[in-house]
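Here is how the chains run, residue by residue.
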There are 2 protein chains.
Amino acid sequence: MNNFDFCSPTYFVFGKDRENETGVYVKKYNGTKVLLHYGGGSVIKTGLLDRVKSSLSKEGIGYVELGGAAPNPRSGLVYEGIKLCKEENVDFILAVGGGSVIDSSKAIAAGVLYDGDFWDFYSGKAALMNALPVGTVLTIAAAGSEGSGDTVITHEDGMLKRGAGGDCLRPKFSILNPALTQTVSTYQTACGATDIIAHVFERYFTNTTEVEVTDRLCESIILTMIKETPRVISNPDNYDARANIMWAGMVAHNNIVGVGRTQDWNSHGIEHELSALYDCAHGAGLAVIMPAWMKYVMKHDIMRFCQMATRIFGCEMNFAQPEVTALEGINRFKQFLSSIGMPTSFRELGAKADDIDYLVDTFGIGDGKTGGFVQLAKEDIRAIYEIAANE
Amino acid sequence: MNNFDFCSPTYFVFGKDRENETGVYVKKYNGTKVLLHYGGGSVIKTGLLDRVKSSLSKEGIGYVELGGAAPNPRSGLVYEGIKLCKEENVDFILAVGGGSVIDSSKAIAAGVLYDGDFWDFYSGKAALMNALPVGTVLTIAAAGSEGSGDTVITHEDGMLKRGAGGDCLRPKFSILNPALTQTVSTYQTACGATDIIAHVFERYFTNTTEVEVTDRLCESIILTMIKETPRVISNPDNYDARANIMWAGMVAHNNIVGVGRTQDWNSHGIEHELSALYDCAHGAGLAVIMPAWMKYVMKHDIMRFCQMATRIFGCEMNFAQPEVTALEGINRFKQFLSSIGMPTSFRELGAKADDIDYLVDTFGIGDGKTGGFVQLAKEDIRAIYEIAANE
């Protein structure tokens, strides 16, 4: 196990009706004037936004509003939010929505306290050291942004999708009411579940040895997702299944299951090009890329894939031919993704093999390599897209 | 799943040599004058205390010392610590040691800011709302106090062993260097491992339904302990096994594996009377009590014990006679405890059946009942001691 630091100071407020306490928590973390940031009409339609506003007013907290955050959130709205916060002397950013709204809120929170262009944090020109406090009222279990210090934004100039992160971006509080996720469509729920599973697998595949505790924690989250996701797909009103998924989604990405080990975020990176080009759901893109990535890198550590196959997917170990077990685990993962309605091929996603040259180019590693488990060059990335295209 | 709040804001500093950063973290959390609290001579003998002092001095942080905290830490030293802190204007309590030192430090931290008798928090006369900041340099994986808001103290007037807790007692930072635990004896290491496992089981046995995510997280920690503990027993210098155990010990008790479900701490309570009377190690007492408690309450929820037996202890499910599987799980748990050198009976612990009347009386529930999984009355407590006495 490697040395590590870990701090997840977010105050989690979990359960039915708890969004009605939003104002109490904004006050607790010294917010007096809030930017209320959200996405499209669903938080208005369901009455959630009104409940949150009432809760703020009850505590005497003022607010200004900024709606319009979309999936794969963009820089334009971030610039608008930063300007608004400065004009209105906002001292707290409240995200009401899913990962996109939260990521956009974090970008605004970082930008308000920075004299330069907020994009500097995403392009690697500046380190994130300071941000306005952020709170969240979560409406979809997926990104894990409610418990992480990470944010991903797409810059409209060139449609570059880039991430940034820092402990200062960990939300002060996050309100998780599983009932709020009951209005999320079956397809988006499955996309979210796939994203949660991916956050664990990107940590699970490691070259760090002697990490039984985090291996087991990773497996516990995926086993939970395998049990609970189909229950929600068949009955979207299943509160308890949604509750298990919602907490799993936080645990999957606040890094408690990933400390002390190298990680490998190539599946996320390779997927980002798909969702940037086709504007598909991130989770759907991951369902296509992850199994392809696994097949391509499997030989690097057959025994780790056997561990996944036996501990997570219930395969019998084939001691004479371990690679058979490893491959069976990957295939069972694909079957699981299909069973919850996810695409697992270019064809099902609506992606085109003809675009592979473009995808590889925009992945943009030039002659370099990337990856914490298996170092991939441009041609490896191409090969993974091709596996997904030939499924 | 039940509604819950969860916040574990402690900053964890994990890995080799990291105690040399102690001063940096005391400074980060605004400590200027420290009470350096520790136990017996081992932290002096190993040079740890000197390294911590150098680290404080390097950052220009002053300190006063208070040694002498013993297992099952007592009120006398707490009163002494509170007095010393007030005289010396201490603003930060630094625990260098195991759970006993940390619990004693927390009691001092709470007492310094309280006008009354610190014991009010333990006797239930006052609620814990405020305490001096506490930091820890952990030397044994066991109590989980490094990540929890809990503390247990024994009052010398009547030898009452009582707990108190509050989020204000969660350490600001905890430094976990697994190498520091390499000097812990094999027996004490096994006692610590048993305590860690108990912290999970006390959360695992619940009447709350639909808690797959926390069930799985609980199981992941115990599976880790089952793999790693024997490795440390056979080779005390195994850093990596100790690292896995040390992190498991924190995760087992900061409550991330116990949120949203009722818990049952009767095994801890029933054990406390043993360690109070015989001054035995808490973990050794738990090894005697837990299997006895399990056998006594098994019939309350055979299927939960079957889940434990199959998922944790690798038993085959006996579908015709589930109670056979449930009992086999408990027996395998006992075998595991024996294999790491733990006593699993009164005889092996050195406890006497003749003392059962006294133990039941001091447990002190009168005509009441206690327990979150199975409500136990006085006669049930007696029956559990008798099972342990007849093993």
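In this text the structure is predicted, and so the values were computed from the model without any measurement.

For the relation of the copies chain B and chain A, give the residues involved together with the corresponding values.
Overlaying chain B on chain A yields an RMSD of 0.0 Å, the required transformation being a rotation through 180 degrees with an accompanying axial translation of 0.0 Å. The symmetry that links the two subunits is that of a two-fold axis. Every residue of chain B has its C-alpha some distance from the rotation axis, and the shortest such distance is that of B:Pro9, at 1.9 Å. The fraction of interface residues of chain B whose copies in chain A are also interface residues reaches 100%, indicating that both copies meet through the same surface.

Give me the pairing of strand 5 (residues 134-138) of chain B: which residues, what numbers.
On any regular strand, side chains alternate: one points to one face of the sheet, the next to the other face. All names here are of chain B. Here strand 5 lies mainly inside the structure; five of its five residues are buried. Here strand 5 shows two buried faces, one formed by Val134, Thr136 and Leu138 and the other by Gly135 and Val137. When strand 4 (residues 92-97) meets strand 5, the two strands line up parallel, connected through five bridges. In the strand pairing of strand 5, leucine 94 is matched with glycine 135. Of the pairings in the sheet, the one linking strand 5 to strand 8 (residues 173-176) comprises four bridges and is parallel in character.

Any chance you could break down the domain arrangement of chain A for me, citing the residues and the numbers?
All names here are of chain A. Domain assignment breaks chain A into domain 1 (11-179) and domain 2 (185-389). Taking the mean C-alpha position of each, domain 1 and domain 2 sit 27 Å from one another. Counting residues at the interface gives 18 residues for domain 1 and 23 residues for domain 2. Of the residues contributing to the side of domain 1 that touches domain 2, the split by class is 11 nonpolar, five polar and two charged.

Talk me through unusual backbone geometry; I want residue IDs and the actual numbers.
Positive phi, normally seen in glycine, also occurs at A:Asn30, with a value near 70 degrees. Relative to the helices and strands, A:Asn30 resides in the loop between helix 1 (22-28) and strand 2 (33-38).

Give a description of helix 10 (residues 266-278) of chain A that names residues and reports values.
Residues and elements named next belong to chain A. Along its 13 residues, helix 10 runs 19 Å from first to last C-alpha, staying within 8% of the 18 Å computed at 1.5 Å per residue. Of all the positions in helix 10, only Asn266, Ser267, His268, Gly269, Ile270, Glu271, His272, Glu273, Leu274 and Ser275 are classed as buried. Aspartate 279, located one to two residues past helix 10, shows a positive phi value of around 50 degrees.

Please provide a residue-by-residue account of the nonpolar core, values included.
In this structure, A:Val96, A:Ile221, A:Ile289, B:Val96, B:Ile221 and B:Ile289 are the most contacted members of the largest nonpolar core, which totals 260 residues. Apart from the residues within four sequence positions on either side, A:Ile289 is in contact with A:Ser267, A:Ile270, A:Glu271, A:Leu274, A:Ile384 and A:Ala388.

Please set out the sheet that holds strand 4 of chain B residue by residue, giving values where relevant.
Across the sheet, 12 strands lie side by side as 3(A)-2(A)-4(A)-5(A)-8(A)-1(A)-1(B)-8(B)-5(B)-4(B)-2(B)-3(B); this open sheet has mixed pairing. The open sheet terminates on both sides in strands that have one partner only, identified here as strand 3 (62-66) of chain A together with strand 3 (62-66) of chain B. On average, adjacent strands in this sheet sit at an angle of 25 degrees to one another, irrespective of strand direction. Packing of helix 3 (residues 48-58) of chain A onto the sheet brings it into contact with strand 2, strand 3, strand 4 (92-97) and strand 5 (134-138) of chain A, and relative to strand 4 of chain A it is tilted by some 150 degrees.

The rules behind each value
Residues numbered from 1 in each chain as written. Chains lettered and ligands numbered in written order. Predicted model: local features only at pLDDT ≥ 70, side-chain atom pairs only at ≥ 80, totals over all residues. Least-squares fit on C-alpha atoms with pLDDT ≥ 70 in both. Contact = placed C-beta atoms within 7 Å. Buried ≥ 20, exposed ≤ 12 C-beta atoms within 10 Å, placed from the backbone. Helix = DSSP H or I, 4+ residues; strand = E, 2+ residues; numbered from the N terminus. Pairing = 2+ DSSP bridges. Domains from an automatic or database assignment. Nonpolar A, V, L, I, M, F, W, Y, C, P; charged D, E, K, R; others polar. Expected span 1.5 Å × (residues − 1). Core = buried A, V, L, I, M, F, W, Y, C linked by C-beta atoms within 7 Å. Axes fitted to C-alpha atoms, helices over the stretch in contact; angles between N-to-C directions.

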